[in-house]
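Listed below, chain by chain, are the residues.
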Amino acid sequence: MPQDSLTECLECGLLQRIPPLPAAGTAQCARCGSVLHRNRPNSLNRTLALTIAGVVLFIVANTFPFLSFEMQGRGTQTTLMTGVIDLYQAGDWPIAAVVLFTSILAPGLQLALLVTVLIPLSVNRMPPWLPPLFRWVRTLTPWGMMDVFMLGILVSVVKLSEMATIVPGTSLFAFAVLILVLAAAQAALDPDLVWSRVPVLPRVTRPLDPGEPHLACDVCELVVRRSAALRDGDRLRCPRCTDVLHGRKPRSLQRTWALLIAAVVCYVPANLLPIMTVTSLGRTQSDTILSGVVFLLTHGMWPLAIVVFVASVFVPFLKLLILVFLLLSVQVRSVWRPRDRTRLYRITEAIGRWSMVDVYVVTILVALVRLGNLASVQAEAGAVFFCAVVVLTMLAAMSFDPRLIWDAMEQRYVGERGRPAGVTAAGSGG
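Because the structure is predicted, anything quoted here is derived from the model rather than measured. (Residues numbered from 1 in each chain as written. Predicted model: local features only at pLDDT ≥ 70, side-chain atom pairs only at ≥ 80, totals over all residues. Heavy atoms only, no water.)

Asker: Would you explain the overall build of the protein in this entry?
Answerer: Counting secondary structure elements, the protein contains 15 helices and 14 strands. For a compact globule of 430 residues, the expected C-alpha radius of gyration is about 22 Å, and the protein comes in at 24 Å, within 12% of that figure. Overall, the C-alpha framework of the protein stretches about 75 × 55 × 40 Å when taken along its three principal axes. Taking the intrachain contacts of the protein between residues at least 6 apart in sequence as the baseline, contacts between residues at least 24 apart amount to 71%. Counting 37 positive and 26 negative side-chain charges, the protein places the centres of these two groups 6 Å from one another. (Helix = DSSP H or I, 4+ residues; strand = E, 2+ residues; numbered from the N terminus. Rg over C-alpha atoms; globule rule 2.2 N^0.38 Å. Contact = heavy atoms within 4.5 Å. Lys, Arg positive; Asp, Glu negative; His and termini not counted. Charge placed at Lys NZ, Arg CZ, Asp CG, Glu CD.)

Asker: Just to check I follow, could you spell out the packing of helix H11 (residues 302-331) against helix H14 (residues 381-399) for this structure?
Answerer: Helix packing geometry: the angle between the two helix axes and the distance between the axes. At a closest axis distance of 11 Å, the pairing of H11 and H14 adopts a crossing angle of 35°. Crossing geometry of H11 relative to H14 is assigned as left-handed. Residues Ser312, Pro316, Lys319, Leu320 and Leu323 of H11 touch H14, and the partners they reach there are Phe386, Val389, Thr393, Met394, Ala396 and Ala397. For the contact of H11 with H14, the residue count by class is eight nonpolar, two polar and one charged. (Axes fitted to C-alpha atoms, helices over the stretch in contact; angles between N-to-C directions. Left-handed = near helix turned anticlockwise from the far one by under 90°. Nonpolar A, V, L, I, M, F, W, Y, C, P; charged D, E, K, R; others polar.)

Asker: I keep staring at the sheet that holds strand S6 (residues 74-78) and nothing clicks. Help me out?
Answerer: One open sheet holds the three strands; their spatial order is S6-S5-S7, and the pairing between them is antiparallel. Because the sheet does not close on itself, it has two edges, and the strands there are S6 and strand S7 (165-168). Taken pair by pair, the neighbouring strands of this sheet meet at an average axis angle of 15°, ignoring direction. Summarising the sheet, strand S5 (residues 67-71) and S6 pair through five bridges and their orientation is antiparallel. Bridge pairing in S6 places Met71 opposite Arg74. (Pairing = 2+ DSSP bridges.)

Asker: Could you clarify how one ought to interpret the sheet that holds strand S13 (residues 283-287) in this entry?
Answerer: Strand pairing in a sheet takes place through backbone hydrogen bonds and is either antiparallel or parallel in direction. Strand order across the open sheet formed by three strands is S13-S12-S14, with antiparallel pairing between neighbours. Edge positions in the sheet fall to S13 and strand S14 (375-379), since each has one partner strand and no second. Put simply, the sheet's adjacent strands are angled 15° from each other on average, direction ignored. Relative to S14, strand S12 (residues 276-280) runs antiparallel, the two being bridged by five bridges. Residue pairing across strands places Thr279 opposite Ser376, the latter belonging to S14. Along the sheet face, helix H13 (residues 357-368) touches S12 and S14 and points at about 140° away from the line of S14.

Asker: What's the story with the pairing of S5 in this structure? I'm lost.
Answerer: On any regular strand, side chains alternate: one points to one face of the sheet, the next to the other face. Buried residues dominate S5, accounting for four of its five residues. With antiparallel pairing between neighbouring strands as the criterion, S5 and S6 make up a hairpin whose turn holds two residues, including Gln72 at a positive phi of roughly 50°. One ladder, built from four bridges, connects S5 with S7; its direction is antiparallel. What sits directly across from Ser68, in S7, is Val167. (Buried < 20%, exposed > 50% of the residue type's maximum accessible area, 1.4 Å probe, protein only.)

Asker: Please explain helix H1 (residues 43-61) as it appears in this structure.
Answerer: Because an α-helix packs 3.6 residues into every turn, residues spaced three or four apart end up facing the same way. Its 19 residues give H1 an end-to-end C-alpha distance of 26 Å, which sits within 8% of 27 Å, the value for a rise of 1.5 Å per residue. Three or more residues of H1 are buried, namely Ser43, Leu44, Thr47, Leu48, Thr51, Gly54, Leu57, Phe58 and Ala61. (Expected span 1.5 Å × (residues − 1).)

Asker: What's the story with the packing of helix H3 (residues 93-122) against helix H4 (residues 130-140) in this structure? I'm lost.
Answerer: Their axes nearest at 9 Å, the elements H3 and H4 cross at an angle of 145°. Like other packed secondary-structure pairs, H3 and H4 cross with a definite hand, here left-handed. Within the contact between the two elements, H3 uses Phe101, Ala106, Leu109, Gln110, Leu113, Leu114, Thr116, Val117, Pro120 and Leu121 and H4 uses Leu130, Leu133, Phe134, Trp136, Val137 and Leu140. Broken down by class, the residue content of the contact of H3 with H4 amounts to 14 nonpolar, two polar and no charged.

Rendered as structure tokens:
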């Protein structure tokens, strides 16, 4: 933890102090219950060791054969990049770009950034380029979806089990272990410990006076007085990580509504249009998301069918409903159960990425099944729309500022205390 334990909850805006925590201890917000900090013992050394192991596994996973498909004496062999290349060559470049970024580039960049940041820290060095690089680790984390990709592999193998023989390659085993190693590295990493190593001027760390205007950095969570923020033209920047400072996310409601409406528009064709066309022994069949669920049910794979239905049909619809509810509640300045509404926001952030499973299934099947009229799979328009729904809803959740949920309650409280209703209380983040 930094020496100055003053922090502002980024979900409700409450300014509070965190006492020294025991090993593996957790500090939660007194108002909304969000986790403010976890004390992770030996964080830097554990994270560095796991990250180096992850880099080795990442190289193996992207070098050796991934899966092989064998049918009637003919077969194909794939790597992680095969599906991306095939989608791009078939003209489905939007899906190819999203799959490339979420399954290969984002995890790879995250590993590279962690190694670059943690090695200097392990020898007590603080290069000037370290804070801007470490900012990107947090940005990339939600977009790395190797665990969802692995679920897509499981669904794909089930779909092809009656058609042909699937042989796992060295890359698949390395990929599976990499998922566990990267998850362990993320759990071991203590971002507050990294940011506490970044030197800041004494005037920045001076304690706040009661009611003094301040801002909280969304990246390194430094609470800084407005007068101590770095000026970059009309913008204020964090003195520690140089990220742009805002009291609230700029134009949060407008941006979230725009992304949400675009997602709703794409949701209808994503569920009505076929996402892929399968050719097997001269017969052609087009599948929608729901028909894929029915296929799993009719073949006795009901647990997997439930998982796919929840991830691909129920989760996107639920996420759209929750975001609409949160936006409307903020716009009508509702003070109804803000803690529960904040929990709903956390749900939208946690579950949205799992909807990518059907996009990955299409990618894997396109890569594996390439035997011409004997057997082939082609991505269809529904996959493009569905991929757009997943990305747009994730961006909408990121654009929404949950602190807006608490603003109406705080302003009503201030008004009842006899102060002007438009004045923000000291704990709201300015």
